[in-house]
Amino acid sequence: MNDLIPNIGNYKNLLTYRKSDVIYQITYYFCHKYLPHGDRTIDQMVQAARSGKQNIVEGCAAASTSSKTEIRLINVAKASLKELLEDYEDYLRTRGKPQWQKGSIEYEAMRNLGRTHNDAEYFMPLIETRPPETIANMAIILINQADYLLFRQLQRLSADFLNNGGFSERMAALRRKKRGY
């Protein structure tokens, strides 16, 4: 067994990754279907959604040798999704469409769907039958859920680092153990 480089696990099992993948697919569909061809917002929204997902992948890949890099990249994923959130809110605001409010029937129904489903196979058939303002509101709720989950993931990563140290500390400890002191 190699205690120096732990097998961290599969990022595809992370709830944050799965939810970010749903957000990316919804955003790609939304932007290409409802924003005017050539609008710079398309590239920015798709890139923010992609960055949210891909930085989780990259952070997990770096985790075995750099807690600092993992934490930084998970935070970049969180920041990218916040940027995307603002774009969806701007979309609704600039078109005079309402954003669903906490407690409304639509908000609570979507929040419950977001709690129980984290796969694009479930959401995409729904998305394809909804008007753009509904899709934007659905995305906003999923992004807020992902943001909360990423915050919790960052808390856990920070606690793990404080309790277990990082790669350099593991290297030093294993080297001292091998030398007998």
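Just above sits the structure.
Residues numbered from 1 in each chain as written. Predicted model: local features only at pLDDT ≥ 70, side-chain atom pairs only at ≥ 80, totals over all residues. Heavy atoms only, no water.

Another aspect to go through is the packing of helix H2 (residues 40-62) against helix H3 (residues 67-94). Axis separation between H2 and H3 bottoms out at 8 Å; the angle between their running directions is 165°. Overall, the two elements H2 and H3 adopt an arrangement that is roughly antiparallel. Handedness of the H2/H3 crossing: left-handed. Each of Met45, Ala48, Ala49, Ser51, Gly52, Asn55, Ile56, Glu58, Gly59 and Ala62 in H2 lies in contact with H3, whose residues at this interface are Thr69, Glu70, Leu73, Ile74, Val76, Ala77, Ser80, Leu81, Glu83, Leu84, Asp87 and Tyr88. Its residues assigned to classes, the contact of H2 with H3 shows twelve nonpolar, six polar and four charged. (Axes fitted to C-alpha atoms, helices over the stretch in contact; angles between N-to-C directions. Helix = DSSP H or I, 4+ residues; strand = E, 2+ residues; numbered from the N terminus. Parallel < 35°, antiparallel > 145°, perpendicular 65-115°, else oblique. Left-handed = near helix turned anticlockwise from the far one by under 90°. Contact = heavy atoms within 4.5 Å. Nonpolar A, V, L, I, M, F, W, Y, C, P; charged D, E, K, R; others polar.)

This part covers the side chain of Asn55. By the element assignment, Asn55 lies in helix H2. Its relative accessible area of 9% is what places Asn55 among the buried residues. One polar contact links Asn55 to Ser51, side chain to side chain, over a distance of 2.8 Å. Beyond its immediate sequence surroundings of up to four residues, Asn55 is in contact with Leu73, Ile74, Val76 and Ala77. (Buried < 20%, exposed > 50% of the residue type's maximum accessible area, 1.4 Å probe, protein only. Polar contact = N/O pair within 3.5 Å; in protein donor to acceptor, adjacent residues only side chain to side chain.)

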